[in-house]
Amino acid sequence: MVDKNLLLAEIKDLGIPKGVIAEKCGVSRVTLDNWLERPDLISAKTARTLADILRITDEEKLMAIFFAPNVQENVN
């Protein structure tokens, strides 16, 4: 499962607008927002695309963000 908080931190740290990320992924901003809200919707292919866009090359960071084994979603 994708670690939503780590992914959002990477987006913030890089400073790429979400609209640009969505465009590079070939989806709408709404779709990207849905992925960020519900990271379980992110496919392996999309995870690779996001990693490329965010320039995440460190293997440990990739695993921590996109293959986090024990991430629990906050349920309100």
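Residues numbered from 1 in each chain as written. Predicted model: local features only at pLDDT ≥ 70, side-chain atom pairs only at ≥ 80, totals over all residues. Heavy atoms only, no water.

J.: Outline helix α4 (residues 44–53), listing residues and values.
T.: Residues of α4 that are buried include every one of Thr-46, Ala-47, Leu-50, Ala-51 and Ile-53, and no others. All buried residues of α4 project into a common sector of 160° when viewed along the axis, lining one side. Structural note: α4 exposes Ala-44 and Lys-45 on the side pointing more than 90 degrees away from its buried face. In this fold, the buried residues of α4 make contact with α1 (4–14), α2 (18–25), α3 (29–37) and α5 (59–66). Looking one or two residues past α4, Arg-55 carries a phi angle of roughly 55°, positive in sign. (Buried < 20%, exposed > 50% of the residue type's maximum accessible area, 1.4 Å probe, protein only. Helix = DSSP H or I, 4+ residues; strand = E, 2+ residues; numbered from the N terminus. Arc of directions from axis to C-beta. Contact = heavy atoms within 4.5 Å.)

J.: I'd like to hear about unusual backbone geometry, residue by residue, with values.
T.: With a phi angle near 55°, Arg-55 is a residue other than glycine that sits in the positive phi range. Structurally, Arg-55 is set in the loop between α4 and α5. For Arg-55, a relative accessible area of 61% corresponds to the exposed category.

J.: Hey, could you go over the side chain of Glu-10 for me, with residue numbers and the actual values?
T.: Turning to its location among the elements, Glu-10 is positioned in helix α1. Take Glu-10: its relative accessible area is 16%, and that puts it in the buried class.

J.: Can you lay out the nonpolar core for me, pointing to particular residues and giving the numbers?
T.: Residues Leu-7, Ile-21, Leu-32, Ile-42, Leu-50, Ile-56 and Phe-66 are the most contacted members of the largest nonpolar core, which totals 20 residues. Where this core is concerned, the elements lending two or more residues are α1, α2, α3, α4 and α5. Of the residues forming this core, the biggest block, four residues, is contributed by α4. Beyond its immediate chain neighbours, meaning those up to four positions away, Ile-21 contacts Ile-11, Ile-16, Leu-32, Leu-50, Ile-53 and Leu-54. (Core = buried A, V, L, I, M, F, W, Y, C linked by side-chain atoms within 4.5 Å.)

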